[in-house]
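Each chain, letter by letter, is given below.
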Amino acid sequence: MTALFAALLVFGAGATLAPAAHASAQAECWTPTANGEGRAVMLWGVNLKSGPYADSEGCANTGWAAEGKTVYFYCWTKNSYGHVWWYVRIAGTQTFGWTSDDNVLGTSVDENGDGQITFYQC
């Protein structure tokens, strides 16, 4: 079960998907400007990427996210293969990057206390 789908099941109608306020145009490798809500735990250690694609598409590594580390969701997108990727920051660091939805277990929370959890689409 994907983190996005699991979060929507847990939070039901209170969880919404919203467009980013100032989303960048999608390119192969890019950095979004959205700052969404929610968090996840890494299921295993992976390299975070400079875009929502694996190594074979040429997106560089931006940092290592170790198994069990908490990451904060900023926004999500589907790449040209139809796979969901999250732009995240590793808790306690300034390390940002993209990771596949397959790599995380969502534990989303209402970060700003407004009673809704909003997952921004990049």
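Quick note: structure is the one above.
Report on the accompanying structure.

1. Things to note about the state of the cysteines
Within this structure, the stated rule accounts for one disulfide. The disulfide partner of Cys-75 is Cys-122, and the S-S distance across this bridge is 1.8 Å. Residues Cys-75 and Cys-122 share a disulfide whose torsion about the S-S bond is about 100°; that sign makes it right-handed. You can see Cys-75 sitting in strand β5 (residues 70-78) and its partner Cys-122 sitting in the segment after β9 (117-121), a full 47 residues away along the chain. The two residues Cys-75 and Cys-122 agree in class, both being buried.

2. Structural notes on the pairing of strand β6 (residues 84-90)
The buried fraction of β6 amounts to seven of the seven residues, a majority that puts the element mostly inside the structure. Side chains Val-84, Trp-86, Val-88 and Ile-90 project from β6 onto one buried face, and the interleaved Trp-85, Tyr-87 and Arg-89 project onto a second face that is buried too. Bridge count for β5 against β6 is seven bridges, and the pairing is antiparallel. Of the residues in β6, the one forming a bridge with Phe-73 is Val-88. Pairing between β6 and strand β7 (residues 96-100): five bridges, direction antiparallel. Following the sheet pairing, Trp-85 is matched in β7 by Ser-100. Where β6 hands over to β7, the hairpin turn is made up of five residues, of which Gly-92 adopts a positive phi near 80°.

Cut-offs used in this document
- Residues numbered from 1 in each chain as written.
- Predicted model: local features only at pLDDT ≥ 70, side-chain atom pairs only at ≥ 80, totals over all residues.
- Heavy atoms only, no water.
- Disulfide = S-S within 2.5 Å.
- Helix = DSSP H or I, 4+ residues; strand = E, 2+ residues; numbered from the N terminus.
- Buried < 20%, exposed > 50% of the residue type's maximum accessible area, 1.4 Å probe, protein only.
- Pairing = 2+ DSSP bridges.

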